[in-house]
Structures are given as structure tokens and as C-alpha cells.
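For reference, the chains in residue letters:
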Amino acid sequence: MYSEKVMDHFTNPRNMGELENPSGVGTVGNAKCGDIMRIYLDIDDNHVIRDCKFKTFGCGAAVATSSMATELVKGKTIKEALTVTNKAVMEALDGLPPVKVHCSLLAEEAIHAALWDYAKKNGIVIEGLKEPKQDIGEEEHEEEEY
Ligand code: FES
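So, a few notes on the structure that sits alongside this text. Since this is a predicted model, take the numbers as computed values, not measurements.

## Notes on the overall build of the protein chain
Here's step 1: A count of helices and strands for the protein chain gives five helices and three strands.
Here's step 2: Taken from N to C terminus, the helices and strands of the protein chain fall in the order α-β-β-β-α-α-α-α.
Here's step 3: In terms of overall dimensions, the protein chain is globule-like: its C-alpha atoms have a radius of gyration of 14 Å, near the 15 Å expected for 146 residues.
Here's step 4: For the protein chain, the C-alpha atoms occupy an extent of roughly 40 × 30 × 25 Å along the three principal directions.
Here's step 5: A total of 146 residues make up the protein chain; the buried ones form 49% of that total.
Here's step 6: Here the contacts in the protein chain between residues at least 6 apart in sequence split such that 61% fall between residues at least 24 apart.
Here's step 7: Surface summary for the protein chain: the accessible area is close to 7600 Å², and the carbon and sulfur share equals 49%.

Here's what the structure looks like:
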């Protein structure tokens, strides 16, 4: 059911934990399954993500997608980090079962929420970044297949 990469990131998650004095923090949840994901970003003056950590209270797929998402955004600029969509995270993990697609959406939204928090704190506008949702509903996404 799960790829080797998913199992690897689930059993040996990268960047788990929290950052002291993060530049931005984003927390999102899915009311249906009750899972919650929080992402911490450390962003330097050149808008490069120096460090990234996560805390996820959720299923194995949510842990694996948080782990992979943090790996993908680390070292990237804010602009590049916006290209780390849930689809990109799933591809990097060699796919997820369709019923687990919403778990990867948590990762995308948590990154966006952390970037939103950073932008708000610094009084800047990040082009292409929309105000994040606090709750990731499954309704709009359950038809999608990957
Ligand atoms: Fe909800 Fe995976 S089951 S995040």
C-alpha cells in the first residue's frame, strides 16, 4: 500500500521537532480525521529558508509528508518553497494511496500558513501566497487521484 519512501520517512522522520524563535509558524488541521500539523520556518534576510521543523499529530502518511515537505523546502527561497505543493511532496514520496491525499494537503497548507505568519510579522506580501485555511476539508479534493 505504501511506497518504500513513505515507510522510510514515517519510521525515520527528518526535521521532527520545533525551532526556537522561528521566523514563521503555521498550524493546520483536518477536522474530519482530527490530525494536526505544525511547521516552523527559520528564514534569513535573503528570504532563504535556513531551517525547517515539524510537529505532526496524525497518521503515518501525515508524518511522512511533513518529513518530506520539510526536506524539500529547506535551503529554498520563499518563492521556490511555494512550488512545494502537495503533488510535489507526493511525487517525491513515490505516491500515496488516494484516501491519503488529504494528508499531503496538510503539509502544503502548513508551509503556506508558516510563510503567511512570516509575511505578517515582517509586513511583507509574498506574491502568489493566499491566506491559508485552518481546516483542510476533504470535500474539494476527494475526487482527485494521483
Ligand atoms: Fe488525516 Fe492522514 S488521516 S492526515
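Picking up where we left off.
## A short note on the sheet that holds strand β3 (residues 49-57)
Working definition: the strands of a sheet are paired by backbone hydrogen bonds and lie parallel or antiparallel to each other.
Here's step 1: Pairing within the open sheet is antiparallel, and its three strands lie in the order β1-β2-β3. Bordering the open sheet on either side are β1 (24-30) and β3, each of which pairs with just one other strand. In this sheet, adjacent strand axes meet at a mean angle of 15 degrees when their direction is disregarded.
Here's step 2: Pairing of strand β2 (residues 35-43) with β3, which is carried by eight bridges, proceeds in the antiparallel orientation.

## Considering the environment of E131
Here's step 1: Here E131 shows up in the segment after α5 (101-122).
Here's step 2: When its relative accessible area of 60% is taken as the criterion, E131 is described as exposed.
Here's step 3: With 18 residues separating them in the primary sequence, E131 and A113 have C-alpha atoms 7.4 Å apart.

## Digging into the packing of helix α2 (residues 60-73) against α5
Here's step 1: With their axes 8 Å apart at the nearest point, α2 and α5 run at an angle of 40 degrees to one another. The angle between the axes of α2 and α5 places the two elements in the oblique class. Crossing geometry of α2 relative to α5 is assigned as right-handed. Along the contact surface, α2 presents A61, A62, T65, S66, A69 and V73, while α5 presents C103, S104, A107 and I111.

## Brief notes about the environment of G58
Here's step 1: Turning to its location among the elements, G58 is positioned in the loop between β3 and α2.
Here's step 2: For G58, a relative accessible area of 33% gives the class partly exposed.
Here's step 3: Separated by 46 residues in sequence, G58 and S104 place their C-alpha atoms 11 Å apart.
Here's step 4: For G58, the residues in contact, after removing those within four places along its chain, are D35 and V63.

## Focus on the side chain of K100
Here's step 1: On the secondary structure map, K100 appears in the loop between α4 (86-92) and α5.
Here's step 2: The charged side chain of K100 is buried without a salt bridge, its nearest counter-charge being D35 at 6.1 Å.

## Focus on the state of the cysteines
Here's step 1: The tally for this structure, following the rule as stated, stands at zero disulfides.
Here's step 2: For the unlinked cysteine C52, the closest cysteine sulfur is that of C59, found at 18 Å.
Here's step 3: Exposure remark for C52: the relative accessible area of 0% places this residue in the buried category.

So, how was this worked out
- Residues numbered from 1 in each chain as written.
- Predicted model: local features only at pLDDT ≥ 70, side-chain atom pairs only at ≥ 80, totals over all residues.
- Heavy atoms only, no water.
- Helix = DSSP H or I, 4+ residues; strand = E, 2+ residues; numbered from the N terminus.
- Rg over C-alpha atoms; globule rule 2.2 N^0.38 Å.
- Buried < 20%, exposed > 50% of the residue type's maximum accessible area, 1.4 Å probe, protein only.
- Contact = heavy atoms within 4.5 Å.
- Areas by Shrake-Rupley, 256 points an atom, 1.4 Å probe, with all protein chains shown as cover.
- Pairing = 2+ DSSP bridges.
- Axes fitted to C-alpha atoms, helices over the stretch in contact; angles between N-to-C directions.
- Parallel < 35°, antiparallel > 145°, perpendicular 65-115°, else oblique.
- Left-handed = near helix turned anticlockwise from the far one by under 90°.
- Lys, Arg positive; Asp, Glu negative; His and termini not counted.
- Salt bridge = Lys/Arg side-chain N within 4 Å of Asp/Glu carboxyl O.
- Disulfide = S-S within 2.5 Å.

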